[in-house]
Amino acid sequence: MSNKTIARRKVFYIQGYDPIHPRRYRELYRKESAVQAAISDYAVTLRPKSGGGAYGWEVEGRFGAARTEALIDVLIWSDIVRGSMSNTIAATYLQLLRTAWIYISTGALWRLMRLRKGPVIAALYPVVFLLWQLGLALLAAWIVLKLVMLAMTATGMDMQGLGLVLILAAGLAGLALGLAILRWFRAKDGWFFAYYLMHDFAFSAHLRGAYPPALEARMAQFGDAVAAALADPVDEVLVVGHSSGAHFAVSVLADLLRTGRVPPEGPELSFLSLGQVVPMVSFLPDAQRVRTDLQYLSESDALTWVDVTAPGDGCSFALCDPVAVSGVARACKRWPLVLSAAFTQTLSPERWKALRWRFFRLHFQYLCAFDRPGDYDYFAITAGPLSLAERYHGRAPSKSRIARAVSGHVSVTP
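What counts, and where the lines are drawn
- Residues numbered from 1 in each chain as written.
- Predicted model: local features only at pLDDT ≥ 70, side-chain atom pairs only at ≥ 80, totals over all residues.
- Heavy atoms only, no water.
- Helix = DSSP H or I, 4+ residues; strand = E, 2+ residues; numbered from the N terminus.
- Contact = heavy atoms within 4.5 Å.
- Polar contact = N/O pair within 3.5 Å; in protein donor to acceptor, adjacent residues only side chain to side chain.
- Expected span 1.5 Å × (residues − 1).
- Buried < 20%, exposed > 50% of the residue type's maximum accessible area, 1.4 Å probe, protein only.
- Axes fitted to C-alpha atoms, helices over the stretch in contact; angles between N-to-C directions.
- Parallel < 35°, antiparallel > 145°, perpendicular 65-115°, else oblique.
- Left-handed = near helix turned anticlockwise from the far one by under 90°.
- Salt bridge = Lys/Arg side-chain N within 4 Å of Asp/Glu carboxyl O.
- Patch = residues over 30% accessible without salt bridge, like charges linked within 9 Å, V, L, I, M, F, W, Y side chains within 5 Å.
- Areas by Shrake-Rupley, 256 points an atom, 1.4 Å probe, with all protein chains shown as cover.
- Pairing = 2+ DSSP bridges.

Visitor: Can you walk me through the environment of Arg 334 in this structure?
Guide: With respect to the secondary-structure elements, Arg 334 resides in the loop between helix H13 (322–325) and strand E8 (337–340). Beyond its immediate stretch of four places on either side in the chain, Arg 334 contacts Ser 298, Glu 299, Ser 300 and Asp 301. Within the structure, the side chain of Arg 334 is placed 3.4 Å from the backbone oxygen of Ser 300, a separation counted as a polar contact.

Visitor: What is the right way to read helix H8 (residues 194–205) from this model?
Guide: The periodicity of an α-helix, 3.6 residues per turn, causes residues three or four positions apart to be oriented the same way. End to end, H8 covers 16 Å across 12 residues, agreeing with the expected 16 Å (1.5 Å per residue, within 8%). All of the buried residues along H8 are Ala 194, Tyr 195, Tyr 196, Leu 197, Met 198, His 199, Asp 200, Phe 201, Ala 202, Phe 203, Ser 204 and Ala 205.

Visitor: Help me understand the packing of helix H9 (residues 213–230) against helix H10 (residues 245–258) in this model?
Guide: In a packed pair of helices, the relevant descriptors are the angle between the two axes and the axis-to-axis distance. At a minimum axis distance of 9 Å, the contact between H9 and H10 shows a crossing angle of 60°. Comparing their axes, H10 and H9 come out oblique. Every pair of crossing elements has a handedness; the one defined by H9 and H10 is right-handed. Residue-level contacts link Leu 215, Met 219, Phe 222, Gly 223, Val 226 and Ala 227 of H9 to Phe 248, Ser 251, Val 252 and Leu 256 of H10.

Visitor: Would you take a moment to explain the pattern of salt bridges for this structure?
Guide: Pairing between side chains becomes possible if they bear opposite charge and their charged atoms approach one another. For the coordinates displayed, the defined rule picks out 22 salt bridges. The partner of Arg 289 in a salt bridge is Glu 216, with the nearest N and O atoms 2.9 Å apart. Of the two residues, Arg 289 is situated in helix H12 (residues 288–298) and Glu 216 in helix H9; the sequence distance between them amounts to 73 residues. The salt bridge partner of Arg 401 is Asp 321, with a shortest N-O separation of 3.7 Å. Taken together, the residues Arg 401 in the segment after helix H18 (388–391) and Asp 321 in the loop between strand E7 (304–309) and H13 connect sequence positions 80 residues apart. Look at Asp 321 and you get buried, because its relative accessible area is 0%. In the salt-bridge network here, residues are joined through shared partners; they are Glu 216, Asp 255, Arg 258, Arg 289 and Asp 293.

Visitor: Just checking my understanding: could you explain a nonpolar patch on the surface for this structure?
Guide: Together, Leu 139, Trp 142, Ile 143, Leu 147 and Leu 150 give the surface a local cluster of nonpolar side chains, amounting to about 510 Å² of exposed area. Counting through the fold element by element, Leu 139 comes out in helix H5 (residues 117–155).

Visitor: Explanation requested: the sheet that holds E7 in the structure shown.
Guide: The pairing of strands in a sheet comes from backbone hydrogen bonds and takes either a parallel or an antiparallel form. Taken in spatial order, the 8 strands of this open sheet run E2-E3-E4-E1-E5-E6-E7-E8, and their pairing is mixed. Only two strands of the sheet have a single partner each, and these edge strands are strand E2 (43–48) and E8. Here the average twist between neighbouring strands, direction ignored, is 20°. Examined bridge by bridge, strand E1 (residues 8–14) and strand E4 (residues 66–75) share 7 bridges and lie parallel to one another. Note on E4: the bridge partner recorded for Arg 9 is Ala 70. Contacts between H9 and the sheet are confined to E1, E4, strand E5 (236–242) and strand E6 (268–274), with E1 contributing the most and set at about 175° to the helix. Most of the contacts of H10 go to E5, to which it runs at about 140°, and overall it touches E1, E5, E6 and E7.

Visitor: Can you help me understand the pairing of E4 in this one?
Guide: A regular strand places its side chains on the two faces of the sheet in alternate fashion. By the criterion of burial, E4 is predominantly enclosed, with 7 of the 10 residues buried. The pairing of strand E3 (residues 56–63) with E4 spans 8 bridges and is classified as antiparallel. From the neighbouring strand, Gly 61 faces E4, where its bridge partner is Thr 68. Taking the residues that link successive antiparallel strands as the turn, the E3-E4 hairpin has 2 residues, and the phi of Gly 64 there is positive, at about 65°.

Visitor: Got a minute to help me understand the environment of Arg 395 in this structure?
Guide: Here Arg 395 shows up in the segment after H18. The class for Arg 395 is partly exposed, based on a relative accessible area of 32%. Spatially, the C-alpha atom of Arg 395 lies 9.9 Å from that of Val 338, the residues being 57 residues apart in sequence. When sequence neighbours within four positions are dropped, the list of residues in contact with Arg 395 reads Leu 337, Leu 339 and Asp 375. There is a polar contact of 2.6 Å between the side chain of Arg 395 and the side chain of Asp 375.

Written as structure tokens, this is what we have:
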């Protein structure tokens, strides 16, 4: 730990499974930092990024007498996300069958249920809801056909000649109605998130936990960007991984450390994982890469790693130590420091009541303002004068931390 005040910081944000342009994160930061600054009595000012490179913005922080500068870059893989999303309804249902089979046949689903019910329910939700949509579409098609058959019976028409034509027409009309229902649900998925979540879980599972080549190549580019920042005249390089971006960040940082690209006399290297869903990948049989990187990073003294989740976030594995529950913790494990954002305490009763059932919004609360902030403050961490190590020096992990080994697949790469 260094007692040096952080004057200049480089922040890299790795998003979760999100197909939308990263400007949404800039606008979220702009809006929520202003709210938090007013509550916590500091000032944060955003300005456009100067120079090229990754999409980002610059931040000036004023915390009492301290003045800080931060350059925040979003490490983008939204194009890979968009490419992974099925273009047809039929392809999505094939994804559903394949993903469900992988999690069930490998035993990962039953072990995940022993950790937290919330993210497992989140994973089952798109399966159940998509099957319900299909059932509704088939029911509508059957009703159309049945009504025509009842009408034919009532009029004494047999199923020959014109009757057969009517039956075939009714069948086609029913199928058209069923397809229209499925298309309507897909068009309204911004309300339901069933297709989106199905694509998300399918992306993690389709190689049984291994990274696809396109993502490996992109993570190598992320590593190059972080390595370049470690050679810049800054006081801290902070990598933030949100949701599935957390385990990507683990692999990016592990690769940097293995290849000797973290200078011992360089800036402080910090890693903040938020709302992580690591077990959804690390519990799969072919996730040796993820498990190896978790183990390696957890034993390093070259960085500080703080993991923040909250039981109120039903989409994350709240307070689950990602290294320990994946079964790869050894005696020399140092990280992560597992902390709770404690939404029920850091949000006022009125604010918690307004957000409690907005599950997707709560998964992004780590990037937002708290009206009763505790020791977790995203904007003070990214724009304030304290390094991550100094901010949490001496801080004990959450008492509710889950650190028992649960995964049935614990193999790592030698």
